[in-house]
Amino acid sequence: MNLLVFVKRVPDTESKIRIAPDGQGIVEEGLNFIISPYDEYAVEEALRLREAKGGKVTVVCVGKEEALLILRKCLAMGADEALLIKDSAPESFEGLRVAAAIASLVKQRFPNFDLLLFGKQSFGADNAQVPAMVAELLGIPQVNVVVKLIIEGRNGVAYREIEGALEKVVFSLPAVISAQKGLNEPRYETLKGIMAAKKKEIPIIPIDELGISEDFLTPKMEIIKLEMPPTKKAGRIIQLPPEEAAKEIVRFLREEAKII
Amino acid sequence: MWLVFIEKREGKIKKSSLETLAETSRRAEELDLEVAAVVVGSSFENLTPLWVQGAKKTYWLKGEDLEVYSPEIYAQVLYELIQQIKPEAVFFAGTALGRDLAPRLAAKLRVALVSDCTRIIISNGSLLFVRPVYAGKALLTLKLKTKPFLATLRPNVFPLKEIKDENIAPGEIIEKTIGLNYNGPVAKVVEIVREEGAELDVTEAEVIISGGRGMKAAENFNLLRELSTLIPRSAIGASRAAVDSGWIGHQHQVGQTGKTVCPNLYLAFGISGSIQHLAGMSGSKVIVAVNKDPEAPIFKVADLGVVGDLFQIIPPLKEELRKALAE
């Protein structure tokens, strides 16, 4: 199978965010960056499909050159090749620009792809837009937020998470899949993998060499401001014997919060 | 005119769609604009809630291929409707379906999409959208430069209008039979597999009863399920630690790599409150936390923090709740 996985470089999910003085983004200095957590499930799923059915896994990132680090991680996990679409633009919180870059790349360089895999959303923009947009731009089916995937020949069955249930979805290849936690347990890089990944060359393609039409590249959103959410003021803390604590919780819910 | 996509599940209109309609019609009034609803597929039993929540008319799209949701086909028929009626904005509830469909439509229209909006502001006649980013660690206010404006609205954030049905005059229903212009490949839903005992998702629940590392074992989540049976519209949540220990399914996980929630009440048992968990739940309207450790970070966001052993507190709490709710 010809498998393509798309990953994003994002701030470590455990880190504290600081807003830049211009209110247009976050302060990147001093932040640790990682591969967006859901993307790891997508990489793992591609590796498992290759192991079961043969083929090739190519991992692609749209972002700054610093993202080469996460591409190396994917190579160390076992991906065959990696590629960076270099885009120095700051986080725009817009999906369409990245989706157009990916769709152009796929059309030009990977016309015989079978499956495009993404994380269900990136950490940061939290948009969950790019996979569906790419599917639309390429005119292929999409199944998002997938927790189980079965591929048989040119057909696929995916279980997608919805509110309180799973949807069983059937589709044909080529298609777009976005991964949700639960799809698999991503592997760690091996030492051998890390050594091999160091030797691999990662081609870099500037975003403006993909022939993307201007109407995709012009910004469609204006950031008015980025700010910290209002801090919740801490409430009351009590330490009482269990029966009294239980009474106090119910009294609080009833009389103060007026919830029950 | 603004257009609101109305979603149904098993023939019933989803509450999140009604919330979207209610909020957009409140904002549209300020601009002297009308809001119309759009429903797809024949199985809508009762459209009264749409009129109650502010729709003046409803476009009802019917056709053979429209009975079961498919993102490819639904995006196409909405695209065609939008070309005909030219709304200034199109809104969706930020549900599993809305988050699947809206970006596909945005790409077709070549416009920007605001995901998971939690506030719509009208400032000098123009629309500003506010949404959480970085899993709720920051708030982004933005303006759209493309039209129609497209946005999904986060469920459980916006209040419904409380108007009695009989005071509402029904609006106009415009039926459209859509001959399908889409012959591309589609993803088809063939079955919905329910999780046993979990009717309500954490993103839709009004009360979340959540457990963390302090729950100690999978079977102890039954204590929370027992509380949940007492409280209407409640669901079970969990911290990443509990999910990663295999005590409960990841669909219950609240926080950055799980779901971001904003229930009326978040009851946290044995959850210390990591940054990533707090990011996902601190938007809850009221937070009550029970934890043994008086230094637990969750107490910094809790309206009521109870220092103590959850295994000793839950049994009498169950009794007290039973008494209170019986009254």
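Residues numbered from 1 in each chain as written. Chains lettered and ligands numbered in written order. Predicted model: local features only at pLDDT ≥ 70, side-chain atom pairs only at ≥ 80, totals over all residues. Heavy atoms only, no water.

**Some words on the overall build of chain B**
Threshold: Helix numbering and strand numbering both begin at the N terminus, where a helix is a DSSP run of H or I of at least 4 residues and a strand a DSSP run of E of at least 2. Here the globule rule reads 2.2 Å times residues to the power 0.38, and the radius of gyration is calculated from C-alpha atoms. The classification of residues rests on relative accessible area computed with a 1.4 Å probe and restricted to protein chains. Under 20% of the type maximum is buried, over 50% is exposed, and intermediate values are partly exposed. The contact criterion used throughout is that any non-hydrogen atoms of two residues lie within 4.5 Å. All accessible areas in this document rest on Shrake-Rupley with a 1.4 Å probe, and a residue is counted as covered only by the protein chains that are shown. The charge count treats Lys and Arg as positive and Asp and Glu as negative. His and the chain ends do not count. In this description, the location of a charge corresponds to atom NZ of lysine, CZ of arginine, CG of aspartate or CD of glutamate.
When helices and strands are tallied, chain B shows eight helices and 18 strands. Against the 2.2 N^0.38 benchmark of 20 Å for 327 residues, chain B shows a C-alpha radius of gyration of 21 Å, consistent with a compact globule. Looking at chain B as a whole, 62% of its 327 residues are labelled buried. Pairs at least 24 apart in sequence give 64% of the contacts found in chain B among residues at least 6 apart. On chain B, roughly 12,400 Å² of surface is accessible, and the fraction owed to carbon and sulfur atoms is 48%. Measuring between centres, the 39 positive side-chain charges of chain B sit 6 Å from its 39 negative side-chain charges.

**Examining the domain arrangement of chain B**
Residue and element names in this part refer to chain B. Put simply, the test is: What fixes the domain bounds is an automatic or database domain assignment. We define a salt bridge as a side-chain nitrogen of Lys or Arg found within 4 Å of a carboxyl oxygen belonging to Asp or Glu. Polar here means any residue other than Ala, Val, Leu, Ile, Met, Phe, Trp, Tyr, Cys and Pro, which are nonpolar, and Asp, Glu, Lys and Arg, which are charged; Gly is therefore polar.
You can read the domains of chain B as domain 1 (2-177) and domain 2 (207-326). A C-alpha centroid distance of 32 Å is found between domain 1 and domain 2. Of the residues lining the interface, nine residues belong to domain 1; the matching set on domain 2 comes to nine residues. Joining domain 1 to domain 2, the criterion identifies zero salt bridges. Its residues placed into classes, the side of domain 1 that touches domain 2 shows four nonpolar, two polar and three charged.

**Observations regarding the pairing of strand β16 (residues 265-269) of chain B**
Both faces of the sheet carry side chains from a regular strand, because those side chains alternate between them. Residue and element names in this part refer to chain B. Cut-off, in case you're wondering: DSSP-based pairing: two strands are paired if at least 2 bridges between them are found. Crossover handedness is defined here as right-handed if the route from the first strand over the helix to the second strand goes clockwise, with the strands pointing away from the viewer.
Burial analysis of β16 places five of its five residues in the buried class, which makes it a mostly covered element. A two-sided burial pattern is seen for β16, the buried positions comprising L265, L267 and F269 on one face and Y266 and A268 on the other. The pairing of strand β14 (residues 207-211) with β16 spans five bridges and is classified as parallel. Of the residues in β16, the one forming a bridge with G211 is F269. Pairing of β16 with strand β17 (residues 286-291) involves five bridges; the strand directions are parallel. Paired with Y266 across the bridge in β17 is I287. Each parallel crossover has a hand, and for β16 linked through helix α7 (residues 275-281) to β17 it is right-handed.

**Structural notes on the sheet that holds strand β5 (residues 57-62) of chain B**
Residues and elements named next belong to chain B. Formally: Interaxial angles span 0 to 180 degrees and are taken between N-to-C directions of axes, which are lines fitted to C-alpha atoms, for helices over the stretch in contact.
Across the sheet, seven strands lie side by side as β7-β11-β6-β1-β4-β5-β12; this open sheet has parallel pairing. A single partner strand is all that each edge strand has here, and the edge strands are β7 (113-117) and β12 (172-177). Sheet twist, expressed as the average angle between the axes of neighbouring strands with direction ignored, equals 20°. In this sheet, strand β4 (residues 35-40) lies alongside strand β1 (residues 2-6) in parallel orientation, the contact comprising five bridges. Residue pairing for β4: I6 is matched across the bridge by V39. Helix α4 (residues 96-109) rests against β1, β6 (89-93), β7 and β11 (149-153) of the sheet, and its axis sits at about 170° to β11.

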